[in-house]
There are 2 protein chains.
Amino acid sequence: MYPKALKDLMDNLEKLPSIGEKTAERLALYIISELDREDANLMADSIKNAIDSIRPCKISNILTDQEISPIVLDETRDHTTIMVVADSKDVFMMEKMGTYHGDYHVLGGLIDFSRGITDNDLNIESLTKRINSDLKELIIATNGTVEGELTAQYLKSLYEEKQIKVTRLAYGLPVGTDLRYADVLTLIKAVENRQEY
Amino acid sequence: MYPKALKDLMDNLEKLPSIGEKTAERLALYIISELDREDANLMADSIKNAIDSIRPCKISNILTDQEISPIVLDETRDHTTIMVVADSKDVFMMEKMGTYHGDYHVLGGLIDFSRGITDNDLNIESLTKRINSDLKELIIATNGTVEGELTAQYLKSLYEEKQIKVTRLAYGLPVGTDLRYADVLTLIKAVENRQEY
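Before going into details, it helps to say that this report is about the structure given with it.

Reading guide: rules and limits
Residues numbered from 1 in each chain as written. Chains lettered and ligands numbered in written order. Predicted model: local features only at pLDDT ≥ 70, side-chain atom pairs only at ≥ 80, totals over all residues. Heavy atoms only, no water. Axes fitted to C-alpha atoms, helices over the stretch in contact; angles between N-to-C directions. Helix = DSSP H or I, 4+ residues; strand = E, 2+ residues; numbered from the N terminus. Parallel < 35°, antiparallel > 145°, perpendicular 65-115°, else oblique. Left-handed = near helix turned anticlockwise from the far one by under 90°. Contact = heavy atoms within 4.5 Å. Nonpolar A, V, L, I, M, F, W, Y, C, P; charged D, E, K, R; others polar. Buried area = accessible area lost by both parts, 1.4 Å probe. Salt bridge = Lys/Arg side-chain N within 4 Å of Asp/Glu carboxyl O. Polar contact = N/O pair within 3.5 Å; in protein donor to acceptor, adjacent residues only side chain to side chain. Pairing = 2+ DSSP bridges. Right-handed = clockwise from strand over helix to strand, strands pointing away. Buried < 20%, exposed > 50% of the residue type's maximum accessible area, 1.4 Å probe, protein only.

## Describing the packing of helix H1 (residues 4-13) of chain A against helix H2 (residues 21-33) of chain A
Residue and element names in this part refer to chain A.
Part 1 of the argument: For the pair H1 and H2, interaxial distance at closest approach is 8 Å and the crossing angle is 130°. Our classification of the angle between H1 and H2 gives oblique. Both H1 and H2 take part in a crossing whose hand is right-handed. Two secondary-structure elements touch here, H1 through Leu 6, Leu 9, Met 10 and Leu 13 and H2 through Ala 24, Glu 25, Leu 27, Ala 28, Leu 29, Ile 31 and Ile 32.
Part 2 of the argument: Among the residues forming the contact of H1 with H2, the class breakdown is ten nonpolar, no polar and one charged.

Below you can see the structure in the form of structure tokens.
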């Protein structure tokens, strides 16, 4: 019933999270009949540009459009502290908070045996490489879930003999929820009250 | 804070209706980090393809990827009845209903003096061209709003001397709402009970 090009657009939009059939239909019709032609082209280009240019930083695995994330290169930041997070989204969210000025390392997930995800699937080797005598603190900022806790404990035990200070975000985080659903104040609290293992 | 290509993508997604800053952020992060690269490319291509290939039918103004909409060319349909609607979306919705087998004409809007939209801004000349001695009925299926009613009355008076049967969708439609929010049963009722002016 719909012209094929329009149906294709709907089907493709429906691949996005929380975009159902009705919403995809509404968005597709808006794109072809109400959005400026130029804006629609920009939208398509920005999708391609984003997937082409954004990749993990070679050092920290933070998603970036550079070789190395500007955060890792930023000389005004404290690189003797590394916050370990599961995902680049967590970095972006922490940066919104604006009170943390150290470095980051993105694991690319959490240990989850039920889904077959082990330490080998995470960016742990690259983290180990970054741990040297200059490092003062490793803040483990994984989710307050079973997987987050398990990953934190694994890292703690892995670096036990390195004699570095390993801390964990305080349980200001609501237990059992995803890091990225926390509000800013809760997060600030969680960073302030981070506790040494 | 976000890599530029990612921020651009968020800004572009935010141009869509009911996509706010938070949702645009979530969708953009999903596109770059969770969606298959191929699917993301397909999505971008389908936006370009849709805006490049979909245009109004030269006869009926129904959005189509052909010169002439397949509905207008379909020999199994009754072309002696033309349903006049404001928008191609209304055609797609009527087609979902599946009980109407006549032709359509898309006005491209409704008369709305408060927004400076007059009969000259609508596809009325092309509608007049389609009115010939073969035409048995013109069903005016504009919204049950002031503008819809005004446009209906304008068309009725315009074609008065042509001695064609002009009908209007029955007020099974809830008064004062947009056609496209009506449910299928209400619509079927409204088509069945269409009334002659």
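## Examining the interface of chain A and chain B
Accessible area lost on assembly of the parts is the figure often given for the size of an interface.
Part 1 of the argument: With 49 residues of chain A at the interface, the matching set in chain B holds 49 residues.
Part 2 of the argument: It is A:Ile47, A:Ile51 and A:Phe92 in chain A that bury the most area against chain B; as a group they hold 13% of the surface buried on that side.
Part 3 of the argument: There are ten salt bridges connecting chain A and chain B.
Part 4 of the argument: Connecting chain A to chain B are 20 residue pairs in polar contact (both at pLDDT 80 or more).

## Some words on the pairing of strand S6 (residues 165-168) of chain A
Residues and elements named next belong to chain A.
Part 1 of the argument: Sheet analysis places strand S5 (residues 137-140) next to S6, joined by four bridges and oriented parallel. Its bridge partner being in S6, Ile 140 is matched across the sheet by Arg 168.
Part 2 of the argument: Once the chain exits S5 it traverses helix H7 (residues 146-158) before rejoining the sheet at S6, and the crossover so formed is right-handed.

## Observations concerning the pairing of S5(A)
All names here are of chain A.
Part 1 of the argument: Burial along S5 is two-sided: Glu 137 and Ile 139 and Leu 138 and Ile 140, pointing in opposite directions, are all buried.
Part 2 of the argument: In this structure, strand S3 (residues 78-85) lies alongside S5, joined through four bridges in parallel fashion. Bridge pairing in S5 links Val 84 to Ile 140.

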